[in-house]
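Understanding the architecture of this molecule
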Protein chains: 2
Amino acid sequence: MGATKTIHFTAEQNTLATLSKAIGHPARVAIIEYLLKVNTCICSDIVEELPLAQPTISQHLKELKNAGLIKGNVEGNAICYCIEEAGIEKLKNYFADLANTLAIQKNQCC
Amino acid sequence: MGATKTIHFTAEQNTLATLSKAIGHPARVAIIEYLLKVNTCICSDIVEELPLAQPTISQHLKELKNAGLIKGNVEGNAICYCIEEAGIEKLKNYFADLANTLAIQKNQCC
DNA sequence: TAGTTATATTGCAATATTACAATAAACTTT
DNA sequence: AAAGTTTATTGTAATATTGCAATATAACTA
């Protein structure tokens with residue numbers, strides 16, 4: 001055993017889990033925040049910015065890309081990464097709905 | 001190596017990563033959604049609901065509790081679990097702010 | 001073309017996560 | 001008290017993640 005039993009859950013549940021998991025690491029939070037800060041999308045000065053080795057950051061970028069939270073365009077010999085709005089939007093909406101439903105129910109428990 | 005280098009990141013980044021990581025598993029998404037659905041907070045009929053063994057679910061509940069996404073009250077020999085609004089609220093706000101900043105910047109890249 | 005720059009891949013070690021059977025702990029009911 | 005119910009813990013196996021050095025790949029520059 002040891003592998004997540006994705007088959008048993010809905011596509012929506014798996015999608016949200018994948019997105020959340022992708023942000024579930026401080027380095028990846030830092031990458032997203034850096035991309036947001038520099039606005040104009042920057043390649044890997046991120047390596048300069050974070051206390052991690054280049055291969056490690058490359059790996060984190062790959063995970064964020066796979067999850068649909070960032071996208072990358074080749075630009076000369078560099079790669080221009082930036083935030084993929086759709087992914088952030090999904091997370092925003094999910095938690096907004098969740099919080100909203102909770103508020104309506106007035107959390108009448110415990 | 002292999003352990004996350006939490007020390008190098010801000011408390012906010014680590015907090016968000018912890019919260020996100022906690023939802024980063026479909027079973028835990030399913031648990032949150034079940035707790036939301038039944039409203040009145042239910043103990044572990046969750047075991048009946050999910051295709052996972054009782055110890056596995058107990059473990060997932062523990063992680064959600066540690067992350068601050070659910071809370072549990074002892075009620076006789078059972079435990080009444082329910083959603084911890086504060087945790088959901090943090091996630092909601094974070095992603096709302098993120099999406100908002102993105103919208104303002106018009107995502108002018110790539 | 002040789003050198004430089006930017007990024008990805010590979011291989012590996014350390015650690016964490018996921019899942020479950022078996023068992024324990026704590027309370028309820030009979 | 002004995003039996004049942006509910007949840008947590010322990011131990012263990014399988015798998016995944018994190019991180020990096022070394023190396024590869026690709027494009028640009030001189």
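Our subject is the structure that appears above.
First, a word on scope: everything that follows refers to the structure included in this document. Note that the coordinates shown come from a computational prediction; the quantities given were computed from them, not determined experimentally. (Residues numbered from 1 in each chain as written. Chains lettered and ligands numbered in written order. Predicted model: local features only at pLDDT ≥ 70, side-chain atom pairs only at ≥ 80, totals over all residues. Heavy atoms only, no water.)

This paragraph deals with the side chain of Gln13(A). Mapped onto the elements, Gln13(A) comes out in helix 1 (residues 11-23). Residue Gln13(A) is classed as buried on the basis of its relative accessible area, which comes to 10%. If we skip the residues at most four places from it in the chain, Gln13(A) touches Pro26(B), Val29(B), Ala30(B) and Glu33(B). (Helix = DSSP H or I, 4+ residues; strand = E, 2+ residues; numbered from the N terminus. Buried < 20%, exposed > 50% of the residue type's maximum accessible area, 1.4 Å probe, protein only. Contact = heavy atoms within 4.5 Å.)

Tallying each qualifying case throughout the model produces six salt bridges over all chains. A salt bridge links Lys92(A) to Glu89(A); the shortest N-O distance between them is 3.3 Å. Taken together, the positions of Lys92(A) and Glu89(A), both in helix 5 (residues 85-105) and three residues apart, correspond to about one turn of that helix. Judged by its relative accessible area of 29%, Glu89(A) falls in the partly exposed class. When the shortest N-O distance is used, the salt bridge between Lys37(B) and Glu49(B) registers 3.8 Å. One end of the pair, Lys37(B), is in helix 2 (residues 26-38); the other, Glu49(B), is in helix 3 (residues 46-49), with 12 residues separating them in the sequence. With a relative accessible area of 60%, Lys37(B) lands in the exposed category. (Salt bridge = Lys/Arg side-chain N within 4 Å of Asp/Glu carboxyl O.)

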